[in-house]
Amino acid sequence: MRKRTLLIVAIFFAVAATAFAQRGGQGGQGGQRPDPKVQAKTTADTWQEKFGLSDEQHTKVYDLLIVSSEKQTAKMTELRSGGSMDRAAMTTALAKLQEDQDKELKKIFSATQWTAYEVWKKENPPMQGRRGGGGQE
């Protein structure tokens, strides 16, 4: 009887540890948000390669992405501070922030780069709202 109980407890802890590890140890939060500077550099580097950005454009894009990330974080904090999580308000706020970011990017990119960016954006929708990671990259 004792061995059976011990086995059940061991299985329970193994399942719990696996679930905790799969969720990034954040109790269902999906892990912490990546460092904005690292994420901005990665994105700026990718865009430099894909769209042929000059070093000056790369720097401007990097700076813009940092500022955009800070604005997004501040807006999400503001919306969450109300106590309730209004998904519609968050979606609207994120869309507005993306629109503002795109206006600034359009000033940085050449016409050819902007066209390539718009095509790229359609082919690479944002990761937000996706669940399960069903092989999408």
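Here the structure is shown first, and the text comes after it.
These numbers were taken from a predicted model, which means no experiment stands behind them.

Engineer: How would you summarise the overall build of the protein chain if you had to cite specific residues and measurements?
Structural biologist: Across its full length, the protein chain holds five helices and zero strands. Traced from its N-terminal end to its C-terminal end, the protein chain shows the element sequence α-α-α-α-α. Taking all 137 residues of the protein chain together, 18% fall into the buried category. Residue pairs in contact within the protein chain that sit at least 24 positions apart in sequence constitute 51% of those at least 6 positions apart. Of the roughly 10,500 Å² of accessible surface on the protein chain, 56% is carried by carbon and sulfur atoms.

Engineer: So what's going on with the packing of helix 2 (residues 36-51) against helix 3 (residues 55-80)? Which residues, and what values?
Structural biologist: Taken N-terminus to C-terminus, the directions of helix 2 and helix 3 make an angle of 145°; their axes are 9 Å apart at the nearest point. At the point where helix 2 passes helix 3, the crossing takes the right-handed sense. Here Pro36, Lys37, Ala40, Lys41, Thr43, Ala44, Asp45, Trp47 and Gln48 of helix 2 lie close against helix 3, whose contacting residues are Asp55, His58, Val61, Tyr62, Leu65, Ile66 and Ser69. The class makeup of the residues in the contact of helix 2 with helix 3 is eight nonpolar, four polar and four charged.

Engineer: Lay out helix 2 with the relevant residues and their values.
Structural biologist: Along an α-helix, residues three or four positions apart point the same way, because every turn accommodates 3.6 residues. Helix length check: helix 2, at 16 residues, gives a terminal C-alpha distance of 21 Å against a target of 22 Å (1.5 Å per residue), a fit within 8%. The set of residues buried in helix 2 consists of Ala40, Ala44, Trp47 and Phe51. Projection of helix 2 onto a plane perpendicular to its axis shows the buried side chains occupying an angular sector of 65°, all on one side. Across helix 2 from its buried face, at more than 90 degrees, point the exposed residues Val38, Glu49 and Lys50. Looking at the buried residues of helix 2, the elements they touch are helix 3, helix 4 (87-108) and helix 5 (111-123). Between a side-chain oxygen at the N-terminus of helix 2 and the backbone nitrogen of Lys37 the separation is 3.0 Å; the capping residue is Asp35. Downstream of helix 2 by one or two residues, Gly52 has phi in the positive range, about 70°.

Engineer: Kindly report on the nonpolar core, identifying the contributing residues and their values.
Structural biologist: In this structure, Trp47, Phe51, Leu53, Val61, Leu105, Phe109 and Tyr117 are the most contacted members of the largest nonpolar core, which totals 15 residues. Residue assignment for this core shows that the elements contributing at least two residues are helix 2, helix 3, helix 4 and helix 5. Those residues in contact with Leu105 that sit more than four places away from it in its chain are Trp47, Val61, Leu64, Trp114 and Tyr117.

Engineer: Report on the packing of aromatic side chains, specifying residues and quantitative values.
Structural biologist: Here the structure, examined in full by the defined rule, presents eleven aromatic pairs. Measuring from ring centre to ring centre gives 5.6 Å for Trp47 and Trp120, while their planes differ by 80°; the resulting arrangement is edge-to-face. Placement of the pair is Trp47 in helix 2 and Trp120 in helix 5, with a sequence separation of 73 residues. Taking relative accessible area as the criterion, Trp47 reaches 4% and is therefore assigned buried. Judged by centre distance (6.3 Å) and plane angle (50°), the rings of Phe109 and Trp114 are tilted. On the accessibility criterion, Phe109 (6% relative accessible area) is buried. Relative accessible area serves as the criterion here: at 11%, Trp114 is assigned to the buried category. Taken together through their ring pairs, the aromatic side chains of Trp47, Phe51, Phe109, Trp114, Tyr117 and Trp120 make up a single cluster.

Cut-offs and rules
- Along each chain, residues carry numbers from 1 onward, in the same order as the chain's sequence is written.
- Where local features are concerned, this predicted model is filtered to residues with pLDDT of at least 70; where side-chain atom pairs are given and counted, the filter is 80 or more; whole-chain, interface and lining totals use all residues.
- Side-chain metrics in this entry use all non-hydrogen atoms of the structure; hydrogen atoms and water are not considered.
- Counting from the N terminus, the helices are DSSP H or I runs at least four residues long and the strands are E runs at least two residues long.
- Buried residues are those whose accessible area, probed at 1.4 Å on protein chains only, stays under 20% of the maximum for their type, while exposed residues exceed 50% and partly exposed ones sit between those limits.
- Any pair of residues with heavy atoms lying within 4.5 Å of one another is described as a contacting pair.
- Note on areas: Shrake-Rupley with a 1.4 Å probe; residue coverage comes only from the protein chains shown.
- Every angle, taken between N-to-C directions, lies between 0 and 180 degrees, and every axis is a line fitted to C-alpha atoms, over only the stretch in contact when it is a helix.
- Less than a right angle of anticlockwise turn of the near helix away from the far helix marks a crossing as left-handed, whereas a clockwise turn marks it as right-handed.
- In this classification, the charged set is Asp, Glu, Lys and Arg, the nonpolar set is Ala, Val, Leu, Ile, Met, Phe, Trp, Tyr, Cys and Pro, and all remaining amino acids, among them Gly, are polar.
- The span expected for a helix works out to 1.5 Å for each residue beyond the first.
- Within this analysis, the arc is defined by the directions that extend from the helix axis to the C-beta atoms.
- Residues adjacent in sequence count toward polar contacts only when both atoms are side-chain atoms; beyond that, a polar contact is any pair of N or O atoms within 3.5 Å, and within protein one must be able to donate a hydrogen and the other to accept it.
- In plain words, nonpolar cores are sets of buried Ala, Val, Leu, Ile, Met, Phe, Trp, Tyr and Cys residues tied together by side-chain atoms within 4.5 Å.
- Each Phe, Tyr or Trp ring, with Trp reduced to its six-membered ring, pairs with another whose centre is within 6.5 Å; inter-plane angles below 30 degrees give stacked pairs, above 60 give edge-to-face pairs, and intermediate values give tilted ones.

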